[in-house]
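Close look at the chain arrangement
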2 protein chains.
Amino acid sequence: MLAFAVAVTAQGVAQKYVDASTLTIGGRTQVVPDKPYARVDASKHKFDSKQITAYCDYGAGVYVLFTTDSKNISAKWKNAPRATGANMTPIVQRGLDLYIKSDGRWVFAGVGRPARESANGVNKDKIVENMADGAKECMLYLPIWCAIEQLEIGIDENASIAPLDWPFSHKIIVLGSSITHGASASRPGLTYTARMSRMTGMDFVNLGFSGNCKLQPEFARLIAETEADAYVFDAFSNPSTAEIKDRLASFVRTVATAHPDKPMIFIQTTIRDRSTFNTKWAAWERERRETVTRLMTEQARRYKNVYFLDSDDMLGHDHEATSDDTHPNDVGFDRFTDTWLPKILKVLKKYGIK
Amino acid sequence: MLAFAVAVTAQGVAQKYVDASTLTIGGRTQVVPDKPYARVDASKHKFDSKQITAYCDYGAGVYVLFTTDSKNISAKWKNAPRATGANMTPIVQRGLDLYIKSDGRWVFAGVGRPARESANGVNKDKIVENMADGAKECMLYLPIWCAIEQLEIGIDENASIAPLDWPFSHKIIVLGSSITHGASASRPGLTYTARMSRMTGMDFVNLGFSGNCKLQPEFARLIAETEADAYVFDAFSNPSTAEIKDRLASFVRTVATAHPDKPMIFIQTTIRDRSTFNTKWAAWERERRETVTRLMTEQARRYKNVYFLDSDDMLGHDHEATSDDTHPNDVGFDRFTDTWLPKILKVLKKYGIK
């Protein structure tokens, strides 16, 4: 269904609006009936937690692909109301982020700034204006920290818009915590999964579930029932040491045996800046990381398709790479990507994924 | 005046609260009667603009210095209500950011997360907990994008707190735009002025006036009447080419002759990511930057204490260093600092400032 309407931008260029769900949507784990921008079908994959169920509808990592000859691009969108997190910009939480292909590379073009929280999720913004003539291939990242209920893309009245073919070579599912979810990137295109996708041409699908990725059997089943070329797990940022000891073997067995020919790559959790001065937290975290290293070394011996990537320095050592003592800021995600991407690619290469 | 009250943290440690205005306050351009956390006395330095007048009370770059043997530090603060900017975290806008001296270096310790916008500026948070015994030297950065009306620092009931001597060797005033003001650092300690201060041991005082730093005579007079060891100007990010042509010579004359033996360092403005695809903006910006280079080269010839630092790459060339097409994110400020600090230090060295 195409919904056309004519409006006028600040520059006086009339815009018509097209329902984004008629274009190509990527970055989803699966297609969810009646929810074009959801990542996971929570009616099929049941979770006990209301929070996890709600997160299934969030737009983290989801993008709309289209080609247009419009010189101006705007958007109208409606998100489910959501309080602004203290460690996030409204742009990353409820805004849009546009990239355009230029010389074979996806290049940042502009953001859709959300309205204030009090606007109840009704947003409208110009994203980029006064572009040169010719067709542009566009990838519009959705907000990472809310459910998107409606999205319309505005183009010049005399311009055309069409779905763009999915441009990635492989699909790699990344299950994880708030760090994978994207806190505290400054805009939706700067999560580490989105960055790795643009850097490699493979789609690192964002399955971040902030605060809730604790090796639960529901997540193991979701992974077991989801087809992809490879799987990455930021699985040790949320659970306690006791939860890891209790759940890890069962979790790994489920995912590793469900996809015996696909790589299952588990990464170590970061050292929080909270550890610097908080001695209790530092001891708690040290025990957790040591437990992870010990248990994952065993698991990686047990299953030929299970890999454990350890690291003690993914955020550097200057303590300037988080927004709040825990969540990487853009500097943190720069370092995070520098640390993990070469190691992940090395594993993928063994499986012909490159 | 000390205001004591006893409260209990989540860990069950009773806290007493001390009025932060009884401690050492730094990072201000001048001391403002009855406004301990204001940067500039707007009753003395008059501005036509209500926005500029309001910005004088903002906490950008202002910090509280103290020493304490408390194992836990919390805060209660009240800010003048302010809408959350789309490109800023609530933490950088209305939150607190604590650094503690460790092995001679200021190290990030934790943030004070502000309450939601609807809380009308009343905030309370734990900043760091469970620290080791012994005295800690602390620097608490204030919120960058609001006026702070009250601030109390919470310490353990049996602990002591005292003002700490100002630890910097020189005072360098940085007048500028939103980029200097701090948009879009992820927390108050990550503005480029705060980073340069910690990196050098010299205090780069934040006089950022978002959107409003346009070579006005009021700003020239403020600089002329303010004593410092050196002055840096991010003066070309806000004005139009016409305003620069109209106002630059008079502005430079006023500041350069008021402090004939002090270096006046003018830096070029960044290339916005908005230029990448917006052809009209790119042309507008190119003309502005070329005008700046031409006119500032003349000014630097005219006055022996005037310097112009030009650069075409302070934010890099991958277009991933802003939050919104204009304002540096933490990656942007990393690159900004890498570009400018060595050039600024080279000038300062000629004046024995090192």
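Being a predicted model, the structure only gives us computed values, none of them experimental. (Residues numbered from 1 in each chain as written. Chains lettered and ligands numbered in written order. Predicted model: local features only at pLDDT ≥ 70, side-chain atom pairs only at ≥ 80, totals over all residues. Heavy atoms only, no water.)

Some words on the packing of helix α4 (residues 192–200) of chain B against helix α8 (residues 330–350) of chain B
Residue and element names in this part refer to chain B.
- Closest axis-to-axis distance for the α4/α8 pair is 10 Å, and the angle between their directions is 50 degrees. Judged by the angle between their axes, α4 and α8 are oblique. As for how α4 packs across α8, the hand of that crossing is right-handed. Between α4 and α8, the contacting residues are Tyr192, Arg195, Met196, Met199 and Thr200 on the first element and Asp330, Phe333, Asp334, Phe336, Thr337, Trp340, Leu341, Ile344 and Leu345 on the second.
- Among the residues forming the contact of α4 with α8, the class breakdown is nine nonpolar, two polar and three charged. (Axes fitted to C-alpha atoms, helices over the stretch in contact; angles between N-to-C directions. Helix = DSSP H or I, 4+ residues; strand = E, 2+ residues; numbered from the N terminus. Parallel < 35°, antiparallel > 145°, perpendicular 65-115°, else oblique. Left-handed = near helix turned anticlockwise from the far one by under 90°. Contact = heavy atoms within 4.5 Å. Nonpolar A, V, L, I, M, F, W, Y, C, P; charged D, E, K, R; others polar.)

Here's the deal with the pairing of strand β13 (residues 203–208) of chain A
All names here are of chain A.
- Within β13, six of the six residues are buried, which leaves the element mostly enclosed by the surrounding structure.
- Burial along β13 is two-sided: Asp203, Val205 and Leu207 and Phe204, Asn206 and Gly208, pointing in opposite directions, are all buried.
- As paired strands, strand β12 (residues 171–176) and β13 are joined by six bridges and run parallel to one another. Each bridged residue has a counterpart across the sheet, and for isoleucine 172 the counterpart in β13 is phenylalanine 204. (Buried < 20%, exposed > 50% of the residue type's maximum accessible area, 1.4 Å probe, protein only. Pairing = 2+ DSSP bridges.)

Observations regarding the interface of chain B and chain A
- The interface is formed by 48 residues belonging to chain B together with 48 residues belonging to chain A.
- Of the roughly 3,800 Å² buried between chain B and chain A, counting both surfaces, carbon and sulfur atoms make up 54%.
- When residues of chain B are sorted by the area they lose upon contact with chain A, Ala86(B), Phe277(B) and Glu320(B) head the list and together hold 18% of the total.
- Where chain B touches chain A, the interface holds six salt bridges.
- A salt bridge links Arg187(A) to Glu320(B); the shortest N-O distance between them is 3.4 Å.
- In this structure, the connection of chain B to chain A is made through 26 residue pairs in polar contact (both at pLDDT 80 or more).
- Looking at the side of chain B that touches chain A, the elements with two or more residues in it are α2 (90–94), β6 (96–102), β7 (105–112), α7 (279–302) and α8 of chain B.
- For the side of chain B that touches chain A, the leading source of residues is β7(B), giving five residues.
- Considered class by class, the residues forming the side of chain B that touches chain A number 18 nonpolar, 15 polar and 15 charged. (Buried area = accessible area lost by both parts, 1.4 Å probe. Salt bridge = Lys/Arg side-chain N within 4 Å of Asp/Glu carboxyl O. Polar contact = N/O pair within 3.5 Å; in protein donor to acceptor, adjacent residues only side chain to side chain.)

Some words on the relation of the copies chain B and chain A
- Overlaying chain B with chain A gives an RMSD of 0.0 Å, the required rotation being 180 degrees about an axis along which the chain moves by 0.0 Å. Both chain copies can therefore be described as sitting about a two-fold axis.
- When the interface residues of chain B are mapped onto chain A, 100% of them are again interface residues, pointing to one common binding face. (Least-squares fit on C-alpha atoms with pLDDT ≥ 70 in both.)

What to know about the pairing of strand β14 (residues 230–233) of chain B
Residue and element names in this part refer to chain B.
- With burial as the criterion, each face of β14 is covered, one bearing Ala230 and Val232 and the other bearing Tyr231 and Phe233.
- In terms of strand pairing, β14 meets strand β15 (residues 264–267) through three bridges, oriented parallel. What sits directly across from phenylalanine 233, in β15, is phenylalanine 266.
- For the crossover from β14 across helix α6 (residues 241–258) to β15, the handedness is right-handed. (Right-handed = clockwise from strand over helix to strand, strands pointing away.)

Structural notes on the domain arrangement of chain A
Residue and element names in this part refer to chain A.
- Taken domain by domain, chain A holds domain 1 (6–163) and domain 2 (171–350).
- Just the C-alpha atoms count here: the centres of domain 1 and domain 2 sit 26 Å apart.
- Domain 1 puts 35 residues into the contact, and the matching count from domain 2 is 33 residues.
- Here domain 1 packs against domain 2, burying approximately 2,600 Å² in sum over the two surfaces, 61% of which is carbon and sulfur.
- Taken together, domain 1 and domain 2 are joined by one salt bridge.
- The partner of arginine 187 in a salt bridge is aspartate 97, with the nearest N and O atoms 3.1 Å apart.
- Looking at the side of domain 1 that touches domain 2, the elements that each hand over two or more residues are α1 (50–55), α2 (90–94), β6 (96–102), β7 (105–112) and β9 (136–141). (Domains from an automatic or database assignment.)

Observations regarding the layout of surface pockets
- Its volume calculated, the largest pocket comes out at about 460 Å³.
- Lining the largest pocket are 26 residues, with Arg274(A), Asp324(A), Asp325(A), Thr326(A) and Arg113(B) sitting closest to its centre.
- Broken down by secondary-structure element, the contributors of at least two residues to the lining of the largest pocket are α7 (279–302) of chain A together with β8 (122–128) of chain B. (1 Å grid on protein atoms, 1.4 Å probe; cavity = no way out; pocket = protein on both sides within 12 Å on 5 of 7 lines; lining within 4 Å. Points joined across faces, edges and corners; volume = space filled by probe spheres on them.)

Quick word on unusual backbone geometry
Residues and elements named next belong to chain A.
- For the bond from alanine 183 to serine 184, the omega torsion is 10 degrees, close enough to zero to count as cis.
- Among the secondary structure elements, serine 184 is positioned in the loop between α3 (178–181) and α4 (192–200).
- At aspartate 34, a residue that is not glycine, the phi angle is positive and equals roughly 65 degrees.
- Of note, aspartate 34 is situated in the loop between β3 (24–26) and α1.
- Not every positive phi belongs to a glycine, and asparagine 130 is a case in point at roughly 55 degrees.
- Take asparagine 130: it is sitting in the loop between β8 (122–128) and β9.
- Take asparagine 130: its relative accessible area is 15%, and that puts it in the buried class.

Some details on the sheet that holds strand β13 (residues 203–208) of chain B
Residue and element names in this part refer to chain B.
- Across the sheet, which stays open at both edges, the five strands sit in the order β13-β12-β14-β15-β16 with parallel pairing between neighbours. The open sheet has two free edges, formed respectively by β13 and β16 (306–309), since each of these has just one partner strand. Within the sheet, the average angular offset between the axes of one strand and its neighbour, ignoring direction, is 20 degrees.
- Each of β12 (171–176), β14, β15 and β16 is contacted by α6, which is oriented at about 150 degrees to β15, the strand it contacts most.
- Sitting on the sheet, α8 is in contact with β12, β13, β14, β15 and β16, with an inclination near 155 degrees to β16.

Regarding the pattern of salt bridges
- In total, this model carries 25 salt bridges over all chains according to the counting rule given.
- Of the charged contacts in the structure, one is a salt bridge between Lys71(B) and Asp133(B), with a shortest N-O distance of 3.1 Å. You can see Lys71(B) sitting in the loop between β4 (63–68) and β5 (73–79) and its partner Asp133(B) sitting in the loop between β8 and β9 (136–141), a full 62 residues away along the chain.
- Linked by salt bridges that have partners in common, Asp97(A), Arg187(A), Arg198(A) and Glu320(B) make up one network.

Digging into the packing of aromatic side chains
All names here are of chain A.
- The full count for this structure, using the stated rule, is 42 aromatic pairs over all chains.
- Their ring planes at 75 degrees and their centres at 6.2 Å tell us that tyrosine 63 and tyrosine 141 sit as a pair that is edge-to-face. One end of the pair, tyrosine 63, is in strand β4 (residues 63–68); the other, tyrosine 141, is in strand β9, with 78 residues separating them in the sequence. For the residue pair tyrosine 63 and tyrosine 141, the accessibility class agrees, reading buried in each case.
- Following the ring pairs from residue to residue traces out a cluster consisting of Phe47, Tyr55, Tyr58, Trp145, Phe209 and Phe219.
- The ring of tyrosine 17 has lysine 76 lying over it, and the distance from NZ or CZ to the ring centre is 4.3 Å. (Phe/Tyr/Trp six-rings, centres within 6.5 Å; stacked < 30°, edge-to-face > 60°. Lys NZ or Arg CZ within 6 Å of the ring centre and 35° of its normal.)

Quick notes on α7(A)
Residues and elements named next belong to chain A.
- Across its 24 residues, α7 extends 35 Å between first and last C-alpha, which sits within 8% of the 34 Å expected from 1.5 Å per residue.
- Within α7, burial applies to Trp281, Ala282, Glu285, Arg288, Arg289, Thr291, Val292, Leu295, Met296 and Gln299.
- Residues of α7 that are buried sit in contact with α6 (241–258), β15 (264–267) and β16 (306–309).
- Two or three places before lysine 280, at the opening of α7, asparagine 278 has a side-chain oxygen 3.3 Å from that residue's backbone nitrogen. (Expected span 1.5 Å × (residues − 1).)

Looking at the packing of α6(B) against α7(B)
Residue and element names in this part refer to chain B.
- With their axes 10 Å apart at the nearest point, α6 and α7 run at an angle of 20 degrees to one another. In terms of axis orientation, α6 runs roughly parallel to α7. As for how α6 packs across α7, the hand of that crossing is right-handed. The segment α6 lies against α7, with Thr241, Ile244, Lys245, Leu248, Ala249 and Val252 engaging Trp284, Glu287, Arg288, Thr291, Val292, Arg294, Leu295, Met296 and Gln299.
- Per-class residue counts for the contact of α6 with α7 are eight nonpolar, three polar and four charged.

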